[in-house]
Amino acid sequence: MTSKVDEALGYEQARDELIEVVRRLEAGGTTLEESLALWERGEELAKVCRRWLEGARARLDAALAEDSREEEEATGSGSQ
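Position labels on residues start from 1 in each chain and follow its written sequence. Per-residue local features of the predicted model are confined to residues with pLDDT of at least 70, and side-chain atom pairs are confined, for both listing and counting, to 80 or more; whole-chain, interface and lining totals are unaffected and use all residues. Excluded from the side-chain calculation are hydrogens and water; included are all heavy atoms of the structure.

S.K.: Quick one: what's the story with the overall build of the protein, residue by residue and with numbers?
M.R.: Runs of H or I in DSSP of at least four residues are treated as helices and runs of E of at least two as strands, each being numbered from the N terminus. Secondary structure summary: the protein contains three helices and zero strands in total. When the elements of the protein are put in sequence order from the N terminus, they spell out α-α-α. A simple rule labels every residue: compare its accessible area, found with a 1.4 Å probe on the protein chains alone, to the largest value its type can have, and call it buried under 20%, exposed over 50%, or partly exposed in between. In the protein, which comprises 80 residues, the proportion classed as buried is 15%. Pairs of residues are marked as contacts when any of their non-hydrogen atoms sit within 4.5 Å. Here the analysis covers contacts within the protein between residues at least 6 apart in sequence; of these, 71% occur between residues at least 24 apart. All accessible-area figures derive from a Shrake-Rupley calculation using a 1.4 Å probe, and residue coverage is judged against the displayed protein chains alone. Of the roughly 6,300 Å² of accessible surface on the protein, 55% is carried by carbon and sulfur atoms.

Shown next, in the form of structure tokens:
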């Protein structure tokens, strides 16, 4: 479950923190408990990023659909 703090993170903030988590995991030298905590944090950050990207995709799809409708109306090629 994502916390309210995570929900307030912007895409770039979440991405940058995720990059740091991955860097620390790849560097090694952490205990099993620390590694698990980092992995769990990475999963949460990935969810935040995914939600941002899905929202951006939905906005782009809506804008493209609107542009398409406007173009059809302007050219008179819409349904009659």
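What follows continues from the structure just given.
S.K.: Tell me about the nonpolar core, residues and numbers included.
M.R.: Counting residues in each nonpolar core, the largest one holds seven residues, listed as Leu9, Ala14, Val21, Leu38, Leu45, Val48 and Cys49. Going through the elements one at a time, helix 2 (11–27) and helix 3 (32–75) are the ones with two or more residues in this core. For this core, the element with the highest residue contribution is helix 3, accounting for four residues. By nonpolar core is meant a set of buried Ala, Val, Leu, Ile, Met, Phe, Trp, Tyr and Cys residues that side-chain atoms within 4.5 Å join together.

S.K.: So what's going on with helix 3? Residues and values would help.
M.R.: Taking 1.5 Å of rise per residue, 44 residues should cover 64 Å, and helix 3 covers 63 Å from first to last C-alpha, within 8% of that figure. Inspection of helix 3 places Leu38, Gly42, Glu44, Leu45, Val48 and Cys49 among the buried residues, and these make up the whole buried set. One less than the number of residues in a helix, times 1.5 Å, gives the span that helix is expected to have.

S.K.: Would you mind going over the pattern of salt bridges in detail, with residue names and values included?
M.R.: Note on definitions: salt bridges are taken to be side-chain nitrogens of Lys or Arg within 4 Å of carboxyl oxygens of Asp or Glu. Applying the stated criterion across every chain yields a total of six salt bridges. One salt bridge in this structure joins Arg57 and Asp61, with 3.9 Å as the shortest N-O distance. With Arg57 and Asp61 both in helix 3 and four residues apart, the pair spans about one turn of that helix.

S.K.: Give me the confidence of the model for the protein: which residues, what numbers.
M.R.: Per-residue confidence from the predictor is given as pLDDT, running between 0 and 100. Averaged over the protein, the pLDDT score is 90; the fraction of residues at 70 or greater is 89%. Helix 2 holds the highest mean pLDDT among the elements of the protein, 98, whereas helix 1 (residues 4–8) holds the lowest, 73.

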